[in-house]
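Understanding the architecture of this molecule
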Amino acid sequence: MLLRTAEGHDILRGKEIPTFVTDALPHLFIETPDMVAYASSTTLEELPEGYEWVGLRESYHLLPEALYLQAGKASEILYFDTHHRHCGLCGAPMRWNTPISKCCTACGEEIWPQLSTAIIVLVHRGDEALLVRAKNFRRNYYGLVAGFVETGESLEECVQREVYEETGITINNIRYHGSQPWPYPMGLMVGFHADYLEGDVNLLDGELSEAAFFSRDHLPPIPEKLSMARRLIDSWIEQE
């Protein structure tokens, strides 16, 4: 994402997009007056003074949350555009039909961005919480059990299934905490709290490298505040 840095980090809006960007980048999504400009895969190696390329995750720490959310939506729309150039039914080129949908130029099939819904859950056992370390975590921290919702199951059924598949324990008293757009690239993260019921922690499906119950006073490294995992953990800590 291209940010203006002359007076602190800020997004570029509508007609503020400089010509050195529009002339050099082959694909750019802009929606005026408030959407962020994104380049799909090409970046300028040299930028004029006062501009900086910043990844979407990194922008969370630089922008107000409202602007970060706009950036996330722009990123998702661009992802949708680049992955749906041709019709899935007849193969003809697609064109934009509305700001968030595309239409086939031949058969008229209309499509919208499809979100991948995932659950994430903090499991309580008395004064402890279940924290896990997934094998695909890039950083040395513990998060929460999470997974994608499968066809034909409810959110609560997904919570139960993922906890059992990953750790071997059963839970009850599942309760909704909140949801969060997760534009990495097209996700919706739905957060829950649940209570431990029975079973010993065993890493069953091979996705986790470590899992254990921790008290508030002896926490391992936890995710940054960007994530729903951190929001759930913080809500648990604040209950003390």
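This structure is a prediction, so every number in the text was calculated from the model and none was measured.

Here we take up the overall build of the protein chain. What the protein chain contains, in helices and strands, is five helices and 13 strands. Each of the 240 residues in the protein chain was classed as buried or not, and the buried ones make up 41%. Put simply, of all contacts in the protein chain between residues at least 6 apart along the chain, 56% involve residues at least 24 apart. Total accessible area computed for the protein chain in this model is approximately 13,000 Å², and 48% of it derives from carbon and sulfur atoms.

When we look at a pair of aromatic rings, we describe it by the centre distance and by the angle of the planes. According to the stated counting rule, one finds seven aromatic pairs in the structure shown. Measuring from ring centre to ring centre gives 5.4 Å for Tyr142 and Phe214, while their planes differ by 70°; the resulting arrangement is edge-to-face. With Tyr142 in the loop between β9 (128–134) and β10 (145–148) and Phe214 in strand β13 (residues 208–215), this residue pair connects regions lying 72 residues apart in the sequence. Overall, Tyr142 belongs to the buried group, its relative accessible area being 11%. Looking at Phe214, the relative accessible area reads 17%, which means it is buried. With a centroid separation of 4.9 Å and an interplanar angle of 65°, the aromatic rings of Trp182 and Tyr184 are classed as edge-to-face.

Another aspect to go through is helix α3 (residues 65–82). Here α3 is 18 residues long and its end C-alpha atoms lie 26 Å apart, about the 26 Å a rise of 1.5 Å per residue gives. Those residues of α3 lying buried are Leu67, Tyr68, Ala71, Gly72, Ala74, Ser75, Glu76, Ile77, Leu78, Phe80 and Asp81.

Moving on, we get to the pairing of strand β6 (residues 101–104). Each regular strand carries side chains that alternate between the two faces of the sheet. Side chains Ser101 and Cys103 project from β6 onto one buried face, and the interleaved Lys102 and Cys104 project onto a second face that is buried too. Here four bridges tie strand β5 (residues 94–98) to β6, and the two strands are oriented antiparallel to one another. Among the inter-strand pairings, Arg95 is bridged to a residue of β6, identified as Cys103. In this antiparallel pair of consecutive strands, β5 and β6, the connection spans two residues.

This part covers the pattern of salt bridges. Summed over the entire model, instances satisfying the criterion amount to 11 salt bridges. The partner of Glu128 in a salt bridge is Arg125, and the shortest N-O contact between them spans 2.9 Å. What makes Arg125 partly exposed here is its relative accessible area of 35%. A salt bridge links Arg161 to Glu150, with the shortest nitrogen-to-oxygen separation between them at 3.4 Å. Taken together, the residues Arg161 in helix α4 (residues 155–167) and Glu150 in the loop between β10 and α4 connect sequence positions 11 residues apart. When its relative accessible area of 16% is taken as the criterion, Arg161 is described as buried. The exposure class of Glu150 is partly exposed, given its relative accessible area of 43%.

Read from one edge of the open sheet, three strands run β5-β6-β7, paired in antiparallel fashion. Of all strands in the sheet, those bounded by a partner on one side alone are β5 and β7 (110–111). Relative to β7, β6 is paired through two bridges, and the arrangement is antiparallel. Counted as the bridge partner of Lys102 is Ile111 from β7.

Ile120, Leu122 and Leu144 are the most contacted members of the largest nonpolar core, which has 25 residues in total. At the level of elements, α3, β8 (116–125), β9 and α5 (228–238) are the ones that each hand at least two residues to this core. No other element matches α5, which puts five residues into this core. If we skip the residues at most four places from it in the chain, Leu122 touches Ala129, Leu144, Phe192, His193, Ala194, Leu232, Ile233 and Trp236. Counting 18 residues, the second-largest nonpolar core is a separate cluster that includes Ile119, Val123, Val132 and Ala134.

Evaluated as defined, the whole model comprises zero disulfides. We note that Cys107 lacks a disulfide partner, and the nearest cysteine sulfur, in Cys104, lies 3.7 Å from it. Overall, Cys107 belongs to the partly exposed group, its relative accessible area being 43%.

Parameters at a glance
Residues numbered from 1 in each chain as written. Predicted model: local features only at pLDDT ≥ 70, side-chain atom pairs only at ≥ 80, totals over all residues. Heavy atoms only, no water. Helix = DSSP H or I, 4+ residues; strand = E, 2+ residues; numbered from the N terminus. Buried < 20%, exposed > 50% of the residue type's maximum accessible area, 1.4 Å probe, protein only. Contact = heavy atoms within 4.5 Å. Areas by Shrake-Rupley, 256 points an atom, 1.4 Å probe, with all protein chains shown as cover. Phe/Tyr/Trp six-rings, centres within 6.5 Å; stacked < 30°, edge-to-face > 60°. Expected span 1.5 Å × (residues − 1). Pairing = 2+ DSSP bridges. Salt bridge = Lys/Arg side-chain N within 4 Å of Asp/Glu carboxyl O. Core = buried A, V, L, I, M, F, W, Y, C linked by side-chain atoms within 4.5 Å. Disulfide = S-S within 2.5 Å.

The values reported here are purely geometric and, on their own, carry no functional implication.
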